[in-house]
2 protein chains.
Amino acid sequence: MSNSDNYHQLTRTFQRLSRFSHLSAIASWDMFTMMPPGGSKARGEALAELSVLEHQLLTDANVAKWIAAAQQEDLNDVEQANLREMSRLHHQASLLPESLVEAKSLAGSRCEHAWRSQRPANDWEGFAENLKEVVKYSREEARLRAEAKGCSPYDALLDVFEPEMTSARLDILFADIKSWLPELLNKVVAKQSQQSLIAPTAPFPTAVQRELGLETMAQLGFDFTAGRLDISAHPFCGGVPQDVRITTRYDENELLSALFGVIHETGHARYEQNLPQNWAGQPIALARSTAIHESQSLFFEMQLGRSPAFLKRLIPAVTRHFGDQPAFEESNFIAWNQQVKPGFIRVDADEVSYPAHVILRYEIERALINGDIEVDDIPALWNEKMQAWLGLSTIGNYRNGCMQDIHWTDGGFGYFPSYTLGAMYAAQLFSAANRALPDLNHAIAQGDFSALFDWLRQNIWQHGSRFTTEQLITQATGEPLSSRYFRAHLEARYL
Amino acid sequence: MSNSDNYHQLTRTFQRLSRFSHLSAIASWDMFTMMPPGGSKARGEALAELSVLEHQLLTDANVAKWIAAAQQEDLNDVEQANLREMSRLHHQASLLPESLVEAKSLAGSRCEHAWRSQRPANDWEGFAENLKEVVKYSREEARLRAEAKGCSPYDALLDVFEPEMTSARLDILFADIKSWLPELLNKVVAKQSQQSLIAPTAPFPTAVQRELGLETMAQLGFDFTAGRLDISAHPFCGGVPQDVRITTRYDENELLSALFGVIHETGHARYEQNLPQNWAGQPIALARSTAIHESQSLFFEMQLGRSPAFLKRLIPAVTRHFGDQPAFEESNFIAWNQQVKPGFIRVDADEVSYPAHVILRYEIERALINGDIEVDDIPALWNEKMQAWLGLSTIGNYRNGCMQDIHWTDGGFGYFPSYTLGAMYAAQLFSAANRALPDLNHAIAQGDFSALFDWLRQNIWQHGSRFTTEQLITQATGEPLSSRYFRAHLEARYL
Ligand SMILES: [Zn+2]
Ligand SMILES: [Zn+2]
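Right, let's walk through the structure included here. Throughout, residues of each chain are indexed from 1 in the direction in which the sequence is written. As a convention, the first chain written is A and the first ligand written is 1, with the rest following in written order. With pLDDT at 70 or above as the cut-off, local features in this predicted model cover only qualifying residues; side-chain atom pairs require 80 or more to be listed or tallied, and sums for whole chains, interfaces and linings still use all residues. With hydrogens and water stripped out, all remaining heavy atoms of the structure feed into the side-chain values.

### Thoughts on the side chain of Asn332(A)
All names here are of chain A. Put simply, DSSP marks the helices as runs of H or I at least four residues long and the strands as runs of E at least two long, and each gets a number from the N terminus on. As for its placement among the helices and strands, Asn332 is situated in helix α13 (residues 330-336). Think of a polar contact as two N or O atoms within 3.5 Å of one another; within protein, one of them needs to be a possible hydrogen donor and the other a possible acceptor, and neighboring residues in sequence only count if both atoms come from side chains. In terms of polar contacts, Asn332 uses its side chain to reach the backbone carbonyl oxygen of Ala327, at 2.9 Å. Here a residue-residue contact requires only that any non-hydrogen atoms of the pair lie within 4.5 Å. Discounting chain neighbours no more than four positions away, the residues touching Asn332 are Leu197, Ile198 and Ala327.

### A closer look at the interface of chain A and chain B
Each partner contributes residues to the interface: chain A has 34 residues there, and chain B has 33 residues. Two parts lose some accessible area (1.4 Å probe) when they are put together, and adding that loss for both gives the buried area. Together chain A and chain B conceal approximately 2,800 Å² of surface at their shared face, both sides included; 61% is due to carbon and sulfur atoms. Salt bridges are defined by distance alone: a side-chain nitrogen of Lys or Arg within 4 Å of a carboxyl oxygen of Asp or Glu. Here Glu49(B) makes a salt bridge to Arg19(A), at a shortest N to O gap of 2.8 Å. Across the chain A-chain B interface, the total number found is 16 residue pairs in polar contact (both at pLDDT 80 or more). Of all the secondary structure elements, the ones that give two or more residues to the side of chain A that touches chain B are α1 (5-33), α2 (40-58), β1 (227-231) and β3 (243-248) of chain A. Counting residues per element, the side of chain A that touches chain B draws most heavily on α1(A), at ten residues. When the residues that make up the side of chain A that touches chain B are grouped by side-chain class, the tally is 16 nonpolar, eight polar and ten charged. Nonpolar residues are Ala, Val, Leu, Ile, Met, Phe, Trp, Tyr, Cys and Pro. Charged residues are Asp, Glu, Lys and Arg, and all others, Gly as well, are polar.

### Examining the environment of Thr420(B)
Residues and elements named next belong to chain B. Note that Thr420 resides in helix α16 (residues 417-436). C-alpha of Thr420 to C-alpha of His321: the two residues are 99 residues apart in sequence and 33 Å apart in space. Excluding residues that lie within four positions of it along the chain, Thr420 makes contacts with Phe174, Ile177, Pro355 and Val358.

### Topic: the coordination of the zinc ion (ligand 1)
Residue and element names in this part refer to chain A. Counted as donors are N, O and S atoms no farther than 2.8 Å from the metal, or 3.2 Å for Na, K and Ca; water is not among the atoms, and sites may therefore look incomplete. For the zinc ion (ligand 1), every protein donor is listed as His264 (NE2), His268 (NE2), Glu294 (OE) and Glu294 (OE), and the spread of their distances is 2.1 to 2.6 Å. Here the donor residues for the zinc ion (ligand 1) map to a single chain with the spacing H-x3-H-x25-E. Highlighted residues: His264 in helix α10 (residues 257-273) and Glu294 in helix α11 (residues 290-304), separated in sequence by 30 residues. Overall, the relative accessible area of 11% leaves His264 in the buried class. Using a relative accessible area of 3% as the deciding quantity, one classes Glu294 as buried. Relative accessibility thresholds used throughout: buried, under 20% of the residue-type maximum; exposed, over 50%; partly exposed, between the two (1.4 Å probe, protein chains only).

### A look at the relation of the copies chain A and chain B
A rotation about an axis combined with a shift along that same axis relates the two copies of the chain. The least-squares superposition of copies is restricted to C-alpha atoms, and to residues with a pLDDT of at least 70 in both copies. With an RMSD of 0.0 Å, the fit of chain A onto chain B corresponds to turning through 180 degrees and sliding 0.0 Å along the axis. Expressed as an axis order, the relation between the two copies is that of a two-fold axis. Residue by residue, 97% of the interface of chain A is reproduced at the interface of chain B, so both copies engage with the same surface.

### Notes on the sheet that holds strand β2 (residues 237-240) of chain B
All names here are of chain B. Reading across the sheet, the three strands line up as β1-β3-β2 and stay open at both edges, with mixed pairing between neighbours. What marks the edges here is a single partner per strand, and that holds for β1 (227-231) and β2. Adjacent strand axes in the sheet meet at a mean angle of 20 degrees when their direction is disregarded. Inspection of the sheet shows β2 paired to strand β3 (residues 243-248) by four bridges, in the antiparallel sense. Each bridged residue has a counterpart across the sheet, and for Val240 the counterpart in β3 is Asp243. Note on pairing: two strands pair once DSSP finds at least 2 bridges between them. An axis is simply a line fitted to the C-alpha atoms; with a helix, the fit covers only the stretch in contact. Between two such axes, the angle follows the N-to-C directions and lies from 0 to 180 degrees.

See the structure below:
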């Protein structure tokens, strides 16, 4: 026996798991981009079968035995970090019985599939029936995880997406945001109401929008030999690090809505494409967490993409693709793309009102998972909170209210906070990059992002899951997560 | 214990296997249609991992035990047929060690991937190196199967694609074809050399060709809620019965080459889409064999698609899509699409010279698998046989000679005979349909294919693998496979 035999048994098991994840990632991407409706039931069953298999492999008694024995082996730093991640994944999976994994996967596929037509039909009752099934299994999952971890049910789900994050900590971060955001939002809206902007003239043909998107992805360093851009109703970044699949959707009346979606997903994609390939197949090679993932996409979309320097650079490309328009005059173009307009839809929200959408969902899903409310209570709560935050009524408007997101349809409770955590991380990282790279703004204005991307590669991308989120962000920025950079960013850009 | 417990254990295992096949079918389709080159290695590894898993499940000791016990259980006809197919699949898989399954899958992915660039580069030496690896594993597979079955190595591979088919039987069928085809080919070429045809005027834009393809698929009953049409370098029909993925490729200089590819794949697709859904997931619900599959595609493409009645019906659609042209005059259009022109490329071959391409490959692959020749001998043999059959030299022209097909790249030895078996079955089936449906030709001329498709559904599609090939074809046509219908068809259409 060598002195790391158990560890090496584990690496083989996790490599195998990673190959199965590859297939489920591609089959899931296909489900949202290519699959005709008739394939839905069989696809859901096939994916559920694979998740049961992955669950079996991950919770195998040998894995527990190897993990225990590997703790005593002579491992280097990287191997120890990989073992920590293996152990986390194993323990997370071991808490759930196989029957629950399968039932949850099937209920999620069913609910998501029905939601695709229920949402446009504003069919809350039909949707609620399926959602109750999903919530039932998610609550069961949360209960089992919470018992093992000694925390609240919702915190137990949060931990799956965001290791170390708790609702106690989120409450502090979100309370801070709540203390200044409503006033900031009012001020910005009041200030912008003074502007008279020239609107771009539609239509913006889909094919041309796609060309501009591909060109921008190339400028942002997307590797097209290892990924592609397609269309889906709900944009996402999927696939595997060697083959990253991003999507967007096109509205011929909107100038840059698809493009900013593409820039967002390109941030996710570059993180994936630059994860440590030499550890490929191992848990340490995976992205750190959903919030760190969102920090990369929001870094690209908001910190970089909507900065005046970047927007200025976009003007020649936009003019080349859509012809010259008065709306493309520099100050008008920048102001047009930095508009703050409270609205119903989270994915269309500007970065100032976005936290309202997230905190609202966080409060509702936490109450739902903790058993303080039921599915039937959601529409009224949604309306109440939308009124309070943004002054908008969603009574009877389920489609643009509590039925607008895909997350809950397949049981993704605990994910929403990642968006605002990501926005805070992104602001903190951009501030640190600015300190480290004094010429950054000038370079961006020249279209030279190489130093910025090198900084991200060195500080975030290359580490995969080697460090905890707290270590990663402290090493990169000199301090743990703080909301002050996000606030400073919003104030500097919008006030 | 109920009296079919073992059988029911088997149905659960095979349903699970079918779900994993679903994922590998979609991931394979993606590999040929969507995947960027960087994804190739990881995809190959993921698919190989899944084939190892499927092999493990299929060869599990419990499966052998259940099969033995189920033979004693009280099963109805359908269950007995399903058990026969289960047993066949189990025994076929059990003959191969897991290591060989994995090695063969990896060597095949590698060879196929390299071939994609080696073929255009005419790089025989590079290709031969990979092909030798593939042949090594295929010979090993053939040896193991042959020992168990007590037959020649090549016959053992043939049996995987075409249960009950032997090279002795093929030799008789092909000897018959060889006895009349060369003379027929000469006569047809001589006759057609008298024609002076008006060529259609290119270009034929890809987008318009695609429109015509989709329209024709719809007329031929393709169910778009359960399938799609895409582009790949080498057209195929993949996916799963609930979601059939067909592909074609477009050449803007060719009027109907893509369309006839689409019609061919639509034949495959309708077979898949009409397999018995109530047995879905069970071996009995699978297509009977590769030759029966090809019989359906050739039924659509050749028996129906290139018939004068069908071609006449195409003219208004072609004119609508590409404008009026002198070449679209009825007799010219029909003659243009029934041209017989011996050429280098199998997939572009007309139905008269097609058997030459198949018999040539059959003779070479049989010698190769039986160890009578080596990979290095292929180019010279190819040239010799092409000269003898079609009077064409392939010396130094590997790209349009022995490197033109994808089949051998991933070890698909034993498949090629299916094409000519399929052509013979198609002719025999069309003849039977004509006898059963006296108004058939009139209906086709009216664009009404419903009776024809009902006949195929009742006689072929709905049965899946319930009957052996011999039973299926005898029930449908009144006799076992005969080459005389194919000969009669060619003579009637071309002489
Ligand atoms: Zn995102
Ligand atoms: Zn075919």
